[in-house]
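Below are the chains, spelled out letter by letter.
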Amino acid sequence: MKNQDQSPPDENAPKLSAFDIEALDRIFDDDPERFVSESDRDHGVLNLLDLLGTPVDSESQRNSRIDLVKILSSRLSGAADVQDVKLSKADQAALDQYVKNGYAVGGVEQELQPRAARCDQIANAITSSAAKSSPDLVMRTLATIQTHIDAEETAMGFERGRGGFSIRWSDLISVAATLLLVASVTLPIMSGIRSNAQKTQCFGNMQAAANAFGLYTGSNRDMLPMATAGLGPTWIDVGSTPDRSNSSNLYTLIRSKLANLDDLACPSNPNAATGPADPNAWDWNSLQELSYSYRIMPPGGMRISSAPQPVRVVLLADRSPVILKVVNRQLVIPEENSPNHQGTGQHMLLLDGSSRWTRSPVINDHDNIWLPRPIEQLISKERTRLGIIKGSEMPEGPTDAFVGP
Amino acid sequence: MGQAELSKWDSQSDEQVFESFRKDDPDAYRELIERHHDDLLRFLTRMVGDRAAAEDIFQETFLQVHISAATFDTSRRFRPWLFTIAANKARDMLRKKNRRKTVELSAPIRKSESGASFIDLLEVDVPPPDEAMDLGERDEQVQRALDQLGPALREVLLLAYFQRMSYAQIAEDLGIPLGTVKSRMHSAVAAFARSWQTVSKDHTQNDTNQDE
């Protein structure tokens, strides 16, 4: 038999069709025992190849085919050979003790420890991996589950509308009871998965915004996005003019084409503006379209280098519930979470470019991101919760976290 | 950019988080996926020898967990359940893939010996510790060595080492007798050591050939 280690692969050797390979693999994978000896196996494959009709025009081609069959056979024998190896008795005892001791070498009998250490080395090599984790795999997994849920919901809706067979009232009632029971168990789970998928997408938006902020400040002498030289008497009037709306400052990222509307649309906001942006627009049309609240910009703007502790400055967050309630003249609860994620918490993008998820708007030594510090202090004294924000307040200083519409 | 998670889950067990998920806590499922992401992905990659396929099975596994959530007995441990589902999915995938298995003709042929041979771990090389070898290179060689093992041996070896389970736990999980687990584990470690020898020898030979 020719030693294939010394022979380079012959590019002119006959090639099997995919069908032939499939047939070959079936013979060996599905019923390897049917060939008693190596020679029988060789003949089996050889006959099969002949039957399949790959033409053999010369003796040399016939020989190369025999070589091919022998190589295949030997490979298969080789795979079996690995399984035939046994551990020495001492190694078996060392492995058993190593497993029994919770995969620790320390508890193994002294004389067996060097062998157990070898088992441990194998364990470490197998369980550690240089391969990097996939940053988006969690998101893709949640999306896969969401797709499944959506498909199930669609199928359920379709089934409900279908007729064509007769049922008795008793059947109907029991089916209805079962459906109610199933729905009561599965719907909370489904809604939980959906909100997780939305949250993941929203976190992706924060990352996109961070990139946009980075690019903007990089080409604007470290200045954060501003639409005008400064805000006028109010900043709460979304969709009016840039000097009356803080969100027009954020919209600068879209006008500069560093972000698009979709990047700044939280999937849990049903009214979020998405799709192509109007090239002449300066702002979102209304507070309802807005998904994120941007740090209130002081007159003259703000440089990223002006904050002594960038990690404490909140640049962007899921939209403020306080502003929504003020505008709608509803009772304000300062400690309320953003409505974007069913009130469970909010994403925040910090000035150092990192983002975080918090389950309370109160961060950094009792600093509420929805309010400027003077009002926080007032609330702590008065706990007056109605009509607190006028829409003209400014952050007390660089370390006062305070975001607006 | 990192996400500094202020997590309420830190002090909670997998089983507690899973129970929260079943009670509709919207963060719990993501927490479970993130918690097992690294280990499960490594386990699956080792099992099927293909990163892209491992990621597909990873997603299928968590989808299956979601579908079967209502049936999970919370008096049992979550992680073995998760890994058993993942191992089943990987086994299915390998079964399909094996029908189209490609044989590596360039690898050396080992002639069958009469009967089983014994291996002594003190006399053979095993994968060296992290600092002694380039990690990427070692990773690749470990995978090639694992690929030489049959699925049954590979599965028991990976379940044991990744989950640090006792023989009895593995037997219960796989539904096979304790004695079979023990002998499979012995065979698996021996087969891996033998396979590693071949793979590392090939690697050394290739390096020598390239140098020439």
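Bear in mind that the values here come from a model prediction, so they are computed numbers and not experimental data.

Enquirer: Mind showing me how you'd approach the overall build of chain B here?
Expert: When its secondary structure is counted, chain B shows eight helices and one strand. Counted from the first residue to the last, chain B has its helices and strands arranged as α-α-α-α-β-α-α-α-α.

Enquirer: Honestly, the overall build of chain A in this entry has me stumped. Any pointers?
Expert: On a plain count of helices and strands, chain A comes out with 10 helices and seven strands. Sequence-distant contacts, at least 24 apart, represent 65% of the contacts inside chain A between residues at least 6 apart.

Enquirer: Would you explain the packing of helix α2 (residues 28-48) of chain B against helix α3 (residues 51-67) of chain B in this entry?
Expert: Helix-helix packing is characterised by the crossing angle of the two axes and by the distance between the axes. Residues and elements named next belong to chain B. For the pair α2 and α3, the least separation of the axes is 9 Å and the interaxial angle reads 130°. With respect to α3, the element α2 is oriented oblique. The chirality of how α2 crosses α3 is right-handed. Residues Ile33, Leu40, Leu41, Leu44, Thr45 and Val48 of α2 form the contact with α3, whose participating residues are Arg51, Ala53, Ala54, Ile57, Phe58 and Phe62.

Enquirer: Before we go on, may I ask you to explain the nonpolar core in this structure?
Expert: A general feature of soluble globular proteins is that nonpolar side chains tend to end up buried together. Formed by 68 residues in total, the largest nonpolar core has its most connected members in Leu44, Leu157, Val189 and Phe192 of chain B. There are two domains that each give this core at least three residues, and those are domain 1 (11-100) and domain 2 (118-206) of chain B. Filtering out sequence-adjacent residues up to four positions away, Leu157 of chain B remains in contact with Met185, Ala188, Val189 and Phe192 of chain B. Grouped together as the second largest cluster of nonpolar side chains are 51 residues, Ala209, Ala227, Ala265 and Ala272 of chain A included.

Enquirer: Just to check I follow, could you spell out the sheet that holds strand β3 (residues 314-318) of chain A for this structure?
Expert: Two strands in a sheet stick together by hydrogen bonds in their backbones, pointing the same way (parallel) or opposite ways (antiparallel). Residues and elements named next belong to chain A. In space, the four strands of this open sheet follow the order β2-β3-β4-β5, with antiparallel pairing throughout. Each edge of the open sheet is held by one strand with a lone partner, namely β2 (292-294) and β5 (355-358). Sheet twist, expressed as the mean angle between neighbouring strand axes with direction ignored, is 25°. As paired strands, β2 and β3 are joined by three bridges and run antiparallel to one another. Bridged to Tyr292 within β3 is Asp318.

Enquirer: What should I look at first to understand α2 of chain B in this one?
Expert: An α-helical turn contains 3.6 residues, so any two residues separated by three or four positions project in the same direction. Residue and element names in this part refer to chain B. For α2, spanning 21 residues, the distance from its first C-alpha to its last is 28 Å, which sits close to the expected 30 Å at 1.5 Å a residue. Where burial is concerned, most of α2 is hidden: 16 out of the 21 residues are buried. Residue Gly49 follows α2 closely and has a positive phi angle near 70°.

Enquirer: In this structure, what is going on with the pairing of β5 of chain A? I would like to understand it.
Expert: Consecutive side chains of a regular strand alternate in pointing toward one face of the sheet and then the other. Residues and elements named next belong to chain A. What you see with β5 is no split at all: Ser355 and Trp357 on one side and Arg356 and Thr358 on the other are buried throughout. Where strand β4 (residues 346-350) lies against β5, four bridges are found, and the strand directions are antiparallel. Paired with Leu349 across the bridge in β5 is Ser355. Between β4 and β5, which pair antiparallel one after the other, the connecting turn spans four residues, and Gly353 there sits at a positive phi close to 90°.

Enquirer: Please clarify how helix α5 (residues 135-147) of chain B should be interpreted in this entry.
Expert: Residue and element names in this part refer to chain B. In this model, α5 (13 residues) spans 18 Å end to end at C-alpha, consistent with the 18 Å of a helix rising 1.5 Å per residue. Of all the residues in α5, the buried ones are Arg138, Asp139, Val142, Ala145 and Leu146. Looking straight down α5, one finds its buried side chains confined to an arc of 130°; they lie on one side. In α5, those exposed residues whose orientation departs by more than 90 degrees from the buried face are Gly136 and Glu137.

Enquirer: Hey, could you run me through the environment of Met226 of chain A in this one?
Expert: All names here are of chain A. With respect to the element layout, Met226 can be found in the loop between α7 (169-218) and α8 (247-255). Residue class for Met226 comes out buried when judged on the 22 C-beta atoms lying within 10 Å of it. Each residue touching Met226, except ones within four places of it in the same chain, is listed here: Asn249, Thr252, Met297 and Gly301.

Enquirer: Would you mind showing me how to read the packing of helix α4 (residues 89-100) of chain A against helix α5 (residues 113-127) of chain A here?
Expert: Residue and element names in this part refer to chain A. Between α4 and α5, whose axes approach to 8 Å, the crossing angle comes to 65°. Comparing the axis directions of α4 and α5 gives the class roughly perpendicular. Classified by chirality, the crossing of α5 by α4 is right-handed. Along its contact with α4, which presents Ala90, Asp91, Ala94, Leu95, Gln97 and Tyr98, the element α5 presents Arg115, Ala116, Cys119 and Asp120.

Enquirer: Would you explain unusual backbone geometry in this entry?
Expert: Glycine aside, residues mostly have negative phi, and peptide bonds are mostly found in the trans state. Residues and elements named next belong to chain A. The phi dihedral of Tyr103 is positive, around 60°, even though this residue is not glycine. Within the secondary structure, Tyr103 sits in the loop between α4 and α5. Positive phi values are uncommon outside glycine, yet Asp222 reaches one of about 70°. Looking at the element boundaries, Asp222 is found in the loop between α7 and α8.

Enquirer: What is the right way to look at the confidence of the model for chain B in this model?
Expert: Atomic detail in the predicted coordinates should be set aside for any region of low pLDDT. Residues and elements named next belong to chain B. With 81% of its residues at a pLDDT of 70 or more, chain B shows a mean pLDDT of 80. Across chain B, element-level confidence peaks in α3 with a mean pLDDT of 91 and bottoms out in helix α8 (residues 178-211) with 82. A low-confidence stretch, residues 1-5 (pLDDT under 50), is modelled with 14 contacts involving residues beyond four sequence positions or located in other chains. For the stretch residues 99-114, pLDDT sits under 50, and the model shows 25 contacts to residues farther than four places along the chain or on other chains. Here the complex is predicted with pTM 0.48, and the ipTM for its interfaces comes to 0.83.

Enquirer: For this particular structure, what's the right way to read the environment of Gln197 of chain B?
Expert: Residue and element names in this part refer to chain B. Among the secondary structure elements, Gln197 is positioned in helix α8. Overall, the presence of 16 C-beta atoms within 10 Å leaves Gln197 in the partly exposed class. Taking C-alpha positions, Gln197 is 7.2 Å from Val124, a pair spaced 73 residues apart along the chain. Ignoring sequence-local partners within four residues, the contact set of Gln197 consists of Val124 and Asp125.

Enquirer: Which parts of the structure should I look at to understand the environment of Ala145 of chain B?
Expert: Residue and element names in this part refer to chain B. As for its placement among the helices and strands, Ala145 is situated in helix α5. Among the residues examined, Ala145 registers 24 C-beta atoms within 10 Å and is labelled buried. Spatially, the C-alpha atom of Ala145 lies 6.3 Å from that of Phe192, the residues being 47 residues apart in sequence. Residues in contact with Ala145, not counting those within four places in the same chain, are Phe192, Ser195, Trp196 and Val199.

Calculation notes
Residues numbered from 1 in each chain as written. Chains lettered and ligands numbered in written order. Predicted model: local features only at pLDDT ≥ 70, side-chain atom pairs only at ≥ 80, totals over all residues. Helix = DSSP H or I, 4+ residues; strand = E, 2+ residues; numbered from the N terminus. Contact = placed C-beta atoms within 7 Å. Axes fitted to C-alpha atoms, helices over the stretch in contact; angles between N-to-C directions. Parallel < 35°, antiparallel > 145°, perpendicular 65-115°, else oblique. Left-handed = near helix turned anticlockwise from the far one by under 90°. Core = buried A, V, L, I, M, F, W, Y, C linked by C-beta atoms within 7 Å. Buried ≥ 20, exposed ≤ 12 C-beta atoms within 10 Å, placed from the backbone. Domains from an automatic or database assignment. Pairing = 2+ DSSP bridges. Expected span 1.5 Å × (residues − 1). Arc of directions from axis to C-beta. pLDDT = per-residue confidence, 0-100.

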